[in-house]
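Letter by letter, the chains look like this.
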Amino acid sequence: MDPSKPALRGSGERPTSPSLLANPLDFIGVDHLRERQVCAVIDGLAAADALDRRSATAVLRFLNEELNVHLRDEEEDLFPLLARRCTEEDAIEGAIDRIRADQDEAMRLLPEVRAMLAGCLDSGGSLTAEERAVLLRFAAHVRRHLVAENAILLPIARARLTRADLRTLSKHMRMRRGLADPAETPDAE
Ligand SMILES: [Fe+2]
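Residues numbered from 1 in each chain as written. Predicted model: local features only at pLDDT ≥ 70, side-chain atom pairs only at ≥ 80, totals over all residues. Heavy atoms only, no water.

**Re the overall build of the protein chain**
Counting its secondary structure elements, the protein chain contains 5 helices and 0 strands. Written out in order from the N terminus, the α and β elements of the protein chain read α-α-α-α-α. Scored against the burial criterion, the 189 residues of the protein chain give a buried share of 41%. Considering only residue pairs separated by 6 or more positions, the protein chain has 73% of its internal contacts joining residues 24 or more positions apart. Summed over all atoms, the accessible surface of the protein chain reaches about 10,100 Å², with 53% contributed by carbon and sulfur. (Helix = DSSP H or I, 4+ residues; strand = E, 2+ residues; numbered from the N terminus. Buried < 20%, exposed > 50% of the residue type's maximum accessible area, 1.4 Å probe, protein only. Contact = heavy atoms within 4.5 Å. Areas by Shrake-Rupley, 256 points an atom, 1.4 Å probe, with all protein chains shown as cover.)

**Let's talk about the environment of Thr128**
You can see Thr128 is positioned in the loop between α3 (92-123) and α4 (129-160). Judged by its relative accessible area of 42%, Thr128 is partly exposed. Taking C-alpha positions, Thr128 is 9.3 Å from Ala46, a pair spaced 82 residues apart along the chain.

**Structural notes on the side chain of Asp73**
When you line up the elements, Asp73 lands in helix α2 (residues 53-85). By relative accessible area, Asp73 is classed as buried at 0%. The residues contacting Asp73, other than those within four sequence positions of it, are Leu78, Leu169, Met173, Arg176 and Arg177.

**Some points on the coordination of the iron ion**
At 2.0 to 2.6 Å from the iron ion lie its protein donor atoms, namely His32 (NE2), His70 (NE2), Glu74 (OE), Glu74 (OE), His145 (NE2) and Glu149 (OE). Note that the iron ion binds 6 donor atoms; their angles at the metal cover 54 to 163°, and the shape is irregular. Each donor residue of the iron ion lies on the same chain, and together they follow the pattern H-x37-H-x3-E-x70-H-x3-E. Within this pair, whereas Glu74 is found in helix α2, its partner Glu149 is found in helix α4, the two being separated by 75 residues in sequence. (Donors = N, O, S within 2.8 Å, 3.2 Å for Na, K, Ca; no water. Tetrahedral: all angles 85-135°; square planar, octahedral: opposite > 155°, others 65-115°.)

**Looking at the nonpolar core**
Within the largest apolar cluster, 27 residues are counted, with the highest numbers of intra-cluster contacts made by Leu63, Leu117, Leu135 and Phe138. For this core, the elements supplying multiple residues, two or more each, are α1 (24-47), α2, α3 and α4. Among the elements that take part in this core, α3 stands out by supplying 8 residues, more than any other. (Core = buried A, V, L, I, M, F, W, Y, C linked by side-chain atoms within 4.5 Å.)

**Details of the confidence of the model for the protein chain**
Parts of the prediction with low pLDDT should not have their coordinates interpreted in detail. Taken as a whole, the protein chain shows an average pLDDT of 88; of its residues, 90% reach a score of 70 or greater. Taken element by element, the protein chain is modelled with least confidence in α3, mean pLDDT 92, and with most confidence in helix α5 (residues 163-176), mean pLDDT 96. Between residues 1-8, whose pLDDT stays under 50, and residues either more than four places distant or in other chains, the model counts 9 contacts. (pLDDT = per-residue confidence, 0-100.)

**A word on the environment of Arg143**
Its location among the elements puts Arg143 in helix α4. Owing to a relative accessible area of 25%, Arg143 belongs among the partly exposed residues under this scheme. Sequence-distant contacts of Arg143, that is, excluding residues within four places in its chain, are made with Cys39, Ala40 and Asp43.

**Structural notes on the layout of surface pockets**
The calculated volume of the largest pocket comes to roughly 370 Å³. Surrounding the largest pocket, 16 residues form its lining, Glu13, Arg14, Arg34, Ala58 and Arg61 being those nearest its centre. Elements represented by at least two residues in the lining of the largest pocket include exactly α1 and α2. A per-element tally of the lining of the largest pocket places α2 first, with 9 residues. Tallied by class, residues from the lining of the largest pocket come to 6 nonpolar, 3 polar and 7 charged. (1 Å grid on protein atoms, 1.4 Å probe; cavity = no way out; pocket = protein on both sides within 12 Å on 5 of 7 lines; lining within 4 Å. Points joined across faces, edges and corners; volume = space filled by probe spheres on them. Nonpolar A, V, L, I, M, F, W, Y, C, P; charged D, E, K, R; others polar.)

**Comments concerning the packing of α2 against α4**
With their axes 12 Å apart at the nearest point, α2 and α4 run at an angle of 40° to one another. Classified by the interaxial angle, the pair formed by α2 and α4 is oblique. Helix-helix and strand crossings are classified by hand; for α2 and α4 the assignment is left-handed. Of the residues in α4, those in contact with Leu63, Leu67, His70, Leu71, Glu74, Leu78, Phe79, Leu82 and Arg85 of α2 are Phe138, His145, Glu149, Leu153, Leu154, Ile156, Ala157 and Arg160. Here the contact of α2 with α4 is built from residues that sort into 11 nonpolar, 2 polar and 4 charged. (Axes fitted to C-alpha atoms, helices over the stretch in contact; angles between N-to-C directions. Parallel < 35°, antiparallel > 145°, perpendicular 65-115°, else oblique. Left-handed = near helix turned anticlockwise from the far one by under 90°.)

Dropping the structure here:
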């Protein structure tokens, strides 16, 4: 892959390109493709006889550097904006509650997933059957979260969030990644 080219939309092979942050819902959508790709790698780790060190390292890096920021984008910005803008007929609260339950379960398993991958990389050993089951459970919760968000939350967000909301979301996502806001103007409807 040519590193001078921006990340392809939807490849999921690399961290989502910051160039998409101007369209924060697109960025989140591509982050979900990235998560889906990493879940497939996690499934592969759980199925393989011997640990693929390169894949395990890539998953650890994703967990440490990308997943937490993505979940904060949603918990701290996207969900509150949706709750503010959506009408009762959108029935968004129940959907957000279910998505949060999967996120919470993934986050509960996260320290164990990190520790087992780091432990195997350190020792050169293989994953136990129990550890493989934890990996599969973790990937299943992450996958359910992104499927529900793609099917329910992102389409509603595209319909309901205002331009000012999207600017705020973009700005906060940039700040969370230590990037400057290129359009530092007061939000106005
Ligand atoms: Fe998400």
